[in-house]
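# Structure assessment
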Amino acid sequence: MAEDDVEEDAAAAAAAKKKQEANQFADTLTKKHAKQLMLAAGFIPGPNVSLQHAIDTFKKRQFREIFLYSLFLFCFTVSSYTQRDVQNASLYVNSVRSVVMEKPFAVVPFWKGFRNISLPEDCWLYLETVLPAYLFEETWYNGDPIGPDEKNKVLFVNHLVQAPRIRQVRVQSYKCGDGPGGLTGVFSAIPQRLKQYLINCYPAVGGSTWAKDEEIPGWPPGNKLKYRSGEELATEYYSTNFEVYEGGGYAIDIPLNTTQADVKAMFRYLMENKWTDLKTRALFFDFVTYHQDQRFFLSVRLTFEFLHIGQIVPTESFRVMRLGFIDNAQYISLVFDVLVHLLLLHFIYDDLERFLRMPKYWLKDLWNYLSVSMYIVFGISLVFKVRFFTRSLPYVNSPPEEMDTQIAGFDFESLGWISSQIWNWTAVNSILVWGRAFRFFKYANDAVASLSYAVFDSSTQLVSFFLVFSLLTFAYGVSFHISFGVDVGGNIRGVTGGLGTLMSSIFAQWRLLLVGGSNDFSQIVEANRLLGPLLLLTYQIIGAMIAIKLPAAILNKTYSTISDHGSDDPMAKEFRSVLARGFNRMVSKIFFYGKKDDDELFRLEREAQHEQAFHGKPQRRKKGKKGEDVEEINKNFHAIERVIEDFERNVKVMGVKVEVFVDTELKKFADAQAKHVEPASTLLFGRKEAWGRPGVYLDKPDLSSCVTMMGNKTVLPPNWKLYHSEEGDPFYYNITDDTVQWDPPVVMMAGVIPEIEENDDDAEIIVTKKKKKKKEN
């Protein structure tokens, strides 16, 4: 019972102290800050809202938000890094990429690789000579043949998952005079003067003009290939920098265990029978590998785009992914991902509830817009994750299929694209998630709070500047694109290079300001010697010298103002102090739990003894003595005991204070003694060490100027006293103004002065009596 009473009293004291602190904080709030605090606590400001209740709710809400968002950040980071092994995936992709991209043509006298393909003969030469060499290897490096269980592997360790496939998409030709849509009349698709030379034309893009009714040569020789749709081939549409291609087309699957000679013969046969022509718009070669140790699937697609302008542009796609749940690490990642989305649902519910309750104030908070952006991106990423798992799990969990060695029955390229979208949106989300955490940085310390307020207070000006600067960059991007896009178009393989497209032109202007790009100055000047330098000069003046420096000036001014005048946010300061106190209590409980001093141990032992003495057996009320309840007596006894303990503690405190007071007074007395009784001059004159010390009085004072009578004795005026040093030398002390001097003070000359003892303190008394007797006469 005693322990319960002590705990209750401690709890009551803590509650009273907490209430007192809250009242003090409430008294310091202005009307503006009180309104902000109510809004932050989730209340609509009004007379019916208790400020004290709003303060308590605000603290609880902030504690909960900080804790949950810290947990959310931790789970999101762990989930993101454990679901994708970036380091090993990069190593795996680059090893295969180096073989595919860097393996040279063996039949040409100079170095030529995949990216150097630009003509149809280059494309077929690569397919016939280079591709089979690394995809269908038959011998080791020393010439030994590869065994049956070692075939169908790239770099001897990456197993081919399914049959490679070559596929092409074709367009329908049309009469040049009628136009692509068959338009006739006054509008002619070609000049009349050239009409007799141009009979058949081929569109640049597919759409409704994809060829589906033709038959082209197939393999083995004599077979004819017919068009098959994307559903039949189990492939989806595919986009490049130039075109979006459908999933269907004319396809040949190359069975596994096919010899290298047969593969070369197939490509030679297709080339000789003109498998690609002017109707061909794209040629795709797909294969998929799997690494058993890293558990990576790698989808490789080599694309040869037959542009309508006559050139072939090669592009490649390498998509690495892990399918299914094979080890414990993947299950752990899934658990963290589920926690992330559960916490996200809580945040969405909290924001939605606040929006429905006070939409006006909710829309004014800029942090809410960042939260909504984060929710949208998470939703998009979740859609891609659902698509990825619903496609991949049935494949990896299904039994082995013999047809995998004969056909390409699964679209790994499409699945890899979905996987890449998951991580693209996750990367965007990483910026939004950590950016939203910036709102809690003001609770860390003053320096971080100042930085946070500087960025937040400058957000409106920075956004306005960014919009204006984007319009400026867009205007100059359009000007450069229109003026020099044809002459400075960049490399056709890198469509974004140069000024050939509007996006590449705008990007070139950003690069010119941020990284100091040259913007192809020589080519621009060569294209137009007047307009080129004029556009570059004006853009540099407006952009580099003025616009690019404004954000730094805005941030610098805001940060300087906040640093000089403070953040003016008492809520953050109060909550920061609450966090500090809570952290200290938590550390004390964790690291000092159970560690008690001697007084605490003595108190606990005494309380245990009293508990055993008075409560060892149940006490009953004695008959005939109403009101003398034993429990009540024990309670009063312990109350008296607590009063005695409080008195003892107060005595100890008063003892400490008395000791401090006595020490202080003694120190003051010692200082007074040093100042008035033995000042610096007295110490100097009265010590033996002063005589002969450099810079001090080197000679004893001359007493010849004293007014003396009757044996050269000195006559002192009132308030002066005669003292002697350790050496016996006399000096004079004025008791009124605390002055000390060697020379005797000046006095009036006297007639007859009797002899007095020089070393007797009563000499002054005798002189005084003689003066009085003289006055009486």
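## Digging into the overall build of the chain
Looking only at helices and strands, the chain has 22 helices and 18 strands in total. Taking all 777 residues of the chain together, 36% fall into the buried category. A separation threshold of at least 6 residues defines the contact pool for the chain, and within that pool the share at least 24 residues apart is 67%. Surface accessibility of the chain: about 47000 Å² in total, with carbon and sulfur atoms responsible for 60%.

## Things to note about the packing of aromatic side chains
For the coordinates displayed, the defined rule picks out 36 aromatic pairs. Here tryptophan 210 and tyrosine 245 contribute two aromatic rings whose centre-to-centre distance is 6.2 Å and whose plane-to-plane angle is 45 degrees, an arrangement assigned as tilted. On the criterion of sequence distance, the pair formed by tryptophan 210 in the loop between β5 (200–201) and β6 (215–217) and tyrosine 245 in strand β9 (residues 244–245) is long-range, its members being 35 residues apart. Pairing tyrosine 723 with phenylalanine 731 gives two aromatic rings, centres 6.1 Å apart and planes at 25 degrees, and the pair type is stacked.

## Points about the pairing of strand β17 (residues 730–734)
Counting buried positions along β17 gives five out of five residues, so the element sits mostly inside the fold. Side chains Pro730, Tyr732 and Asn734 project from β17 onto one buried face, and the interleaved Phe731 and Tyr733 project onto a second face that is buried too. In this structure, strand β16 (residues 720–724) lies alongside β17, joined through five bridges in antiparallel fashion. Note on β17: the bridge partner recorded for leucine 722 is tyrosine 732. Inspection of the sheet shows β17 paired to strand β18 (residues 739–741) by three bridges, in the antiparallel sense. Residue pairing for β18: tyrosine 732 is matched across the bridge by glutamine 741. Hairpin connection between β17 and β18: a loop of four residues separates the two successive antiparallel strands, and aspartate 738 in this loop has a positive phi of roughly 60 degrees.

## So, the side chain of serine 414
In this fold, serine 414 is placed in helix α11 (residues 412–436). A distance of 3.0 Å separates a polar atom in the side chain of serine 414 from a polar atom in the side chain of glutamate 236. Residues contacting serine 414, with those up to four places away along its chain left out, are Glu236 and Arg391.

## Topic: the nonpolar core
Tyr126, Leu127, Tyr134, Phe267, Leu302 and Phe304 are the most contacted members of the largest nonpolar core, which has 47 residues in total. The set of elements that each furnish at least two residues to this core consists of α4 (86–102), α5 (120–135), β10 (250–253), α7 (260–272), β11 (280–291), β12 (296–306) and β13 (312–321). The element that contributes the greatest number of residues to this core is α5, accounting for eight residues. Beyond its immediate stretch of four places on either side in the chain, tyrosine 126 contacts Val100, Phe105, Phe114, Ile117, Leu131, Tyr134, Leu302 and Phe304. Grouped together as the second largest cluster of nonpolar side chains are 22 residues, Leu344, Phe347, Val433 and Tyr443 included.

## Thoughts on α7
Under the 1.5 Å per step criterion, the end-to-end length of α7 is 18 Å for 13 residues, consistent within 8% with the ideal 18 Å. The inward-facing, buried residues of α7 contact α5, β3 (165–170), β6, β10 and β11.

## Quick word on the side chain of serine 392
Relative to the helices and strands, serine 392 resides in helix α10 (residues 366–397). Serine 392 gets classed as buried once you look at its relative accessible area, which sits at 0%. Looking at serine 392, its side chain comes within polar contact range of the main-chain oxygen of phenylalanine 388, at 2.8 Å. Setting aside residues up to four positions removed in sequence, serine 392 forms contacts with Leu323 and Leu415.

## Section: the environment of phenylalanine 105
Mapped onto the elements of the fold, phenylalanine 105 is located in the loop between α4 and α5. Residue phenylalanine 105 is classed as buried on the basis of its relative accessible area, which comes to 3%. Considering only alpha carbons, one finds phenylalanine 105 and aspartate 122, 17 residues apart in sequence, at a separation of 9.4 Å. Setting aside its immediate chain neighbours within four residues, phenylalanine 105 contacts Lys112, Gly113, Ile117, Asp122, Leu125, Tyr126 and Val130.

## So, the packing of helix α8 (residues 328–357) against α10
Running from N to C, α8 and α10 point in directions that differ by 140 degrees, and their axes come no closer than 11 Å. Between α8 and α10, the crossing angle belongs to the class labelled oblique. Between α8 and α10 the crossing geometry is left-handed. The residues of α10 that touch α8, namely those facing Asp337, Val340, His341, Leu344, Phe347, Ile348 and Asp351, are Asn368, Ser371, Met374, Tyr375, Phe378, Leu382 and Lys385. Residues that form the contact of α8 with α10 fall into these classes: eight nonpolar, three polar and three charged.

## Re the sheet that holds β18
Taken in spatial order, the three strands line up as β16-β17-β18 in an open sheet, and their pairing is antiparallel. The outermost strands of the open sheet, each flanked by one partner alone, are β16 and β18. Neighbour-to-neighbour, the strand axes of the sheet open up by a mean angle of 25 degrees, direction not taken into account.

## Description of the environment of leucine 323
Tracing the backbone through its elements, the reader meets leucine 323 in the loop between β13 and α8. Not counting the four nearest positions on each side in its chain, leucine 323 is found in contact with Phe297, Phe388, Ser392, Tyr395, Val396, Phe412 and Leu415.

## Here's the deal with the pattern of salt bridges
Opposite charge on two side chains makes pairing possible when the charged atoms of those side chains draw close. Summed over the entire model, instances satisfying the criterion amount to 17 salt bridges. As a salt-bridge pair, aspartate 350 and arginine 61 come within 3.4 Å of each other at their nearest N and O atoms. Note that aspartate 350 is positioned in helix α8 and arginine 61 in helix α3 (residues 51–83), a separation of 289 residues in sequence. Taking relative accessible area as the criterion, aspartate 350 reaches 13% and is therefore assigned buried. One salt-bridge network, in which partners are shared between bridges, spans Arg170, Glu214, Asp277 and Lys279.

## Some words on α4
A rise of 1.5 Å per residue sets the reference length of α4, with its 17 residues, at 24 Å; its end C-alpha atoms lie 23 Å apart and thus fit the reference within 8%. Within the sequence span of α4, burial applies to Ala89, Tyr92, Val93, Val96, Val99, Val100 and Met101.

## Things to note about the packing of α5 against α7
It is the contact of α5 with α7, at a shortest axis distance of 9 Å, that shows an interaxial angle of 170 degrees. Taken together, the axis directions place α5 and α7 in an arrangement best described as roughly antiparallel. Taking contact as the criterion, the partners of Trp124, Leu127, Glu128, Leu131, Pro132 and Ala133 in α5 are, on α7, Gln260, Val263, Lys264, Phe267, Arg268, Leu270 and Met271. Looking at the contact of α5 with α7 residue by residue, the classes come out as nine nonpolar, one polar and three charged.

Scoring rules and cut-offs
- Residues numbered from 1 in each chain as written.
- Predicted model: local features only at pLDDT ≥ 70, side-chain atom pairs only at ≥ 80, totals over all residues.
- Heavy atoms only, no water.
- Helix = DSSP H or I, 4+ residues; strand = E, 2+ residues; numbered from the N terminus.
- Buried < 20%, exposed > 50% of the residue type's maximum accessible area, 1.4 Å probe, protein only.
- Contact = heavy atoms within 4.5 Å.
- Areas by Shrake-Rupley, 256 points an atom, 1.4 Å probe, with all protein chains shown as cover.
- Phe/Tyr/Trp six-rings, centres within 6.5 Å; stacked < 30°, edge-to-face > 60°.
- Pairing = 2+ DSSP bridges.
- Polar contact = N/O pair within 3.5 Å; in protein donor to acceptor, adjacent residues only side chain to side chain.
- Core = buried A, V, L, I, M, F, W, Y, C linked by side-chain atoms within 4.5 Å.
- Expected span 1.5 Å × (residues − 1).
- Axes fitted to C-alpha atoms, helices over the stretch in contact; angles between N-to-C directions.
- Parallel < 35°, antiparallel > 145°, perpendicular 65-115°, else oblique.
- Left-handed = near helix turned anticlockwise from the far one by under 90°.
- Nonpolar A, V, L, I, M, F, W, Y, C, P; charged D, E, K, R; others polar.
- Salt bridge = Lys/Arg side-chain N within 4 Å of Asp/Glu carboxyl O.

By themselves these figures say nothing about function.
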